[in-house]
Amino acid sequence: KALIEAGAPFIFLTNNSAPTPADLAVRLGHLGIPGLSVRHFYTSALNTADFLSETHPTCTAFVIGEGGLLAALHERQIANDAINPDYVVVGEGAASLEKLAKAHAHIERGARLLATNPDNWCPVSSLETRPGAGATAAFLEASTGCRAYYLGKPNGYMFHRARRKLADLCGGALPEQTVVVGDTMETDIRGAVEAGLQAYLVLTGSTQM
């Protein structure tokens, strides 16, 4: 509320590739933060789609992931390819052994392995977690002997694109000062420091004192 009242631009960054920005706006509305639009969210799925669109715009992908990742790739016109993809893209979501076997075969035939983020787990509730994209990518790294390229936090590309989105909220001008607030030292704070941004760690999440 203070940021909105002050007119300070802000963006929520998440390594979770499963939800869309619209999903997140609704979810935060239920948590008592109304009035947010899709422009206030940047997910690792969007970051992955931006990366592929910028570096290899004609590529195709075999996707292991949920709606947010599929929607982001579709929006950037990156076709889903189950026959001869350029990339195997791994995001959040359950991966069947059949799909993992297909991904393994694609990588052996030359597809590059790309993960939306390095998180090995993600929270389901305050007491429960589930395997994350990093764990699925690690499975394929082990089975194929190929290293994945991990996007999302702490990759500097995530913070670079987030600052560009902040500029869009400011009418095209980069804010003079950008501050990152996060609850995970290994992703939020590390990524911010490596990107040269001021960072604040809160102890209400996954990192304790």
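Throughout this document, residue positions are counted from 1 along each chain, in the order its sequence is written. Predicted model: local features are reported for residues with pLDDT of at least 70 only, side-chain atom pairs are reported and counted for 80 or more only, and whole-chain, interface and lining totals are derived from all residues. Side-chain calculation: all heavy atoms of the structure are included, whereas hydrogens and water are not.

Helix and strand content of the protein: 8 helices and 11 strands. Only C-alpha atoms enter the radius of gyration, while the globule expectation follows 2.2 Å times N to the 0.38, with N the number of residues. A compact globule built from 209 residues should have a C-alpha radius of gyration of about 17 Å, and the protein, at 17 Å, falls within 12% of that. With the C-alpha coordinates aligned to their principal axes, the bounding extent of the protein is approximately 55 × 40 × 35 Å. Looking at the protein as a whole, 44% of its 209 residues qualify as buried. Every residue pair with non-hydrogen atoms within 4.5 Å of one another is taken to be in contact. For the protein, restricting intrachain contacts to residue pairs at least 6 apart in sequence, the fraction spanning at least 24 positions comes to 64%. Accessible areas in this description were obtained via Shrake-Rupley with a 1.4 Å probe; residue shielding takes into account the shown protein chains only. Split by element, the accessible area of the protein, about 11200 Å² in all, is 55% carbon and sulfur. For this count, His and the chain ends are skipped, Lys and Arg are scored as positive, and Asp and Glu as negative. The location of each charge is read from NZ of Lys, CZ of Arg, CG of Asp or CD of Glu. One finds the centroid of the 16 positive side-chain charges in the protein at a distance of 3 Å from the centroid of its 20 negative side-chain charges. Where helices and strands are cited, they refer to DSSP runs of H or I of at least four residues and of E of at least two residues respectively, numbered from the N terminus. The classification of residues rests on relative accessible area computed with a 1.4 Å probe and restricted to protein chains. Under 20% of the type maximum is buried, over 50% is exposed, and intermediate values are partly exposed.

Below, the discussion takes up the sheet that holds strand S6 (residues 112–115). Spatial ordering of the open sheet is given by S4-S3-S5-S6-S9, a layout of 5 strands whose pairing is parallel. Of all strands in the sheet, those with a lone pairing partner are strand S4 (79–80) and strand S9 (149–150), marking the two edges. In terms of strand pairing, strand S3 (residues 60–64) meets strand S5 (residues 87–90) through 4 bridges, oriented parallel. The partner of Ile-64 across the bridge, within S5, is Val-90. Each axis is a line fitted through C-alpha atoms, taken for helices only over the stretch in contact, and angles between the N-to-C directions span 0 to 180 degrees. Along the sheet, helix H6 (residues 133–144) makes contact with S3, S5, S6 and S9, crossing S5 at roughly 140 degrees. We treat two strands as partners when DSSP finds at least two bridges between them.

This brings us to helix H7 (residues 156–169). Helical periodicity: at 3.6 residues per turn, an α-helix aligns residues three or four positions apart in one direction. Working rule for helices: expected span equals 1.5 Å times residues minus one. With 14 residues, H7 extends 20 Å between its outermost C-alpha atoms, agreeing within 8% with the 20 Å of an ideal straight helix rising 1.5 Å per residue. Burial in H7 covers these residues: Tyr-157, Met-158, Phe-159, Arg-161, Ala-162, Leu-166 and Ala-167. In the analysis that follows, any N or O atom pair within 3.5 Å is treated as a polar contact, provided that within protein one partner can donate a hydrogen and the other can accept it, and provided that, for residues neighboring in sequence, both atoms belong to side chains. The N-capping residue of H7, defined by a side-chain oxygen 2.9 Å from the backbone nitrogen of Tyr-157, is Asn-155. Positive backbone phi, at 80 degrees, marks Gly-171, one or two positions downstream of H7.

What follows deals with the pattern of salt bridges. When a carboxyl oxygen of Asp or Glu is within 4 Å of a side-chain nitrogen of Lys or Arg, the pair counts as a salt bridge. In this structure the tally under the stated criterion is 10 salt bridges. Across the pair Glu-54 and Arg-161 runs a salt bridge, and its minimum N-O distance is 3.3 Å. With a gap of 107 residues between them, Glu-54 in helix H3 (residues 44–55) and Arg-161 in helix H7 connect regions that are remote in the sequence. Residue Arg-76 is joined to Glu-75 by a salt bridge in which the shortest nitrogen-to-oxygen separation is 3.9 Å. Given the relative accessible area of 32%, Arg-76 is considered partly exposed. What you see here is one network of salt bridges that share partners, running through Asp-50, Glu-54, Glu-75, Arg-76, Arg-161 and Arg-164.

Attention shifts here to the packing of aromatic side chains. Any two rings among Phe, Tyr and Trp, with Trp reduced to its six-membered ring, count as a pair given centres within 6.5 Å; such a pair is stacked if its planes are under 30 degrees apart, edge-to-face if over 60, and tilted if neither. Applying the stated rule across the entire model yields 4 aromatic pairs. A ring pair is formed by Phe-10 and Phe-12, whose centres lie 5.9 Å apart and whose planes are at 85 degrees; its orientation type is edge-to-face. Look at Phe-51 and Tyr-157: their rings are 5.5 Å apart centre to centre, the planes differ by 85 degrees, and that puts the pair in the edge-to-face class. Here the residue Phe-51 occupies a position in helix H3, and Tyr-157 occupies one in helix H7, the gap between them amounting to 106 residues. Both residues of the pair, Phe-51 and Tyr-157, belong to the buried class.

In contact at an axis separation of 10 Å, helix H5 (residues 97–108) and H6 are set at 50 degrees when each is read in the N-to-C sense. The angle between H5 and H6 falls in the class oblique. Crossing handedness for the pair H5 and H6: right-handed. Along its contact with H5, which presents Leu-100, Ala-103, His-104 and Ile-107, the element H6 presents Thr-136, Phe-139, Leu-140, Ser-143 and Thr-144. Residues are grouped as follows: Ala, Val, Leu, Ile, Met, Phe, Trp, Tyr, Cys and Pro are nonpolar; Asp, Glu, Lys and Arg are charged; all remaining types, including Gly, are polar. For the contact of H5 with H6, the residue count by class is 5 nonpolar, 4 polar and no charged. Each angle gets one of four labels, with under 35 degrees taken as roughly parallel, over 145 as roughly antiparallel, 65 to 115 as roughly perpendicular, and the rest as oblique. We call a crossing left-handed when the near helix sits turned anticlockwise from the far one by less than a right angle, and right-handed when that turn is clockwise.

The omega angle of the peptide bond from Lys-153 to Pro-154 is 10 degrees, so this bond is cis rather than trans. Position of Pro-154 among the secondary structure elements: in the loop between S9 and H7.

If you look at the biggest cluster of nonpolar residues, it comprises 26 residues, and the most contacted ones within it are Leu-52, Leu-73, Val-89 and Leu-114. Those elements giving two or more residues to this core turn out to be H3, S3, helix H4 (67–75), S5 and H7. Excluding residues within four positions of it along the chain, Leu-114 makes contact with Thr-48, Phe-51, Leu-52, Tyr-87, Val-88, Val-89, Val-90, Tyr-149 and Leu-151. By size, the runner-up hydrophobic cluster in this structure holds 14 residues, among which are Val-90, Ala-133, Leu-140 and Ala-148. Note on terminology: a nonpolar core comprises buried Ala, Val, Leu, Ile, Met, Phe, Trp, Tyr and Cys residues joined through side-chain atoms within 4.5 Å.

These figures come from the coordinates and say nothing about function on their own.
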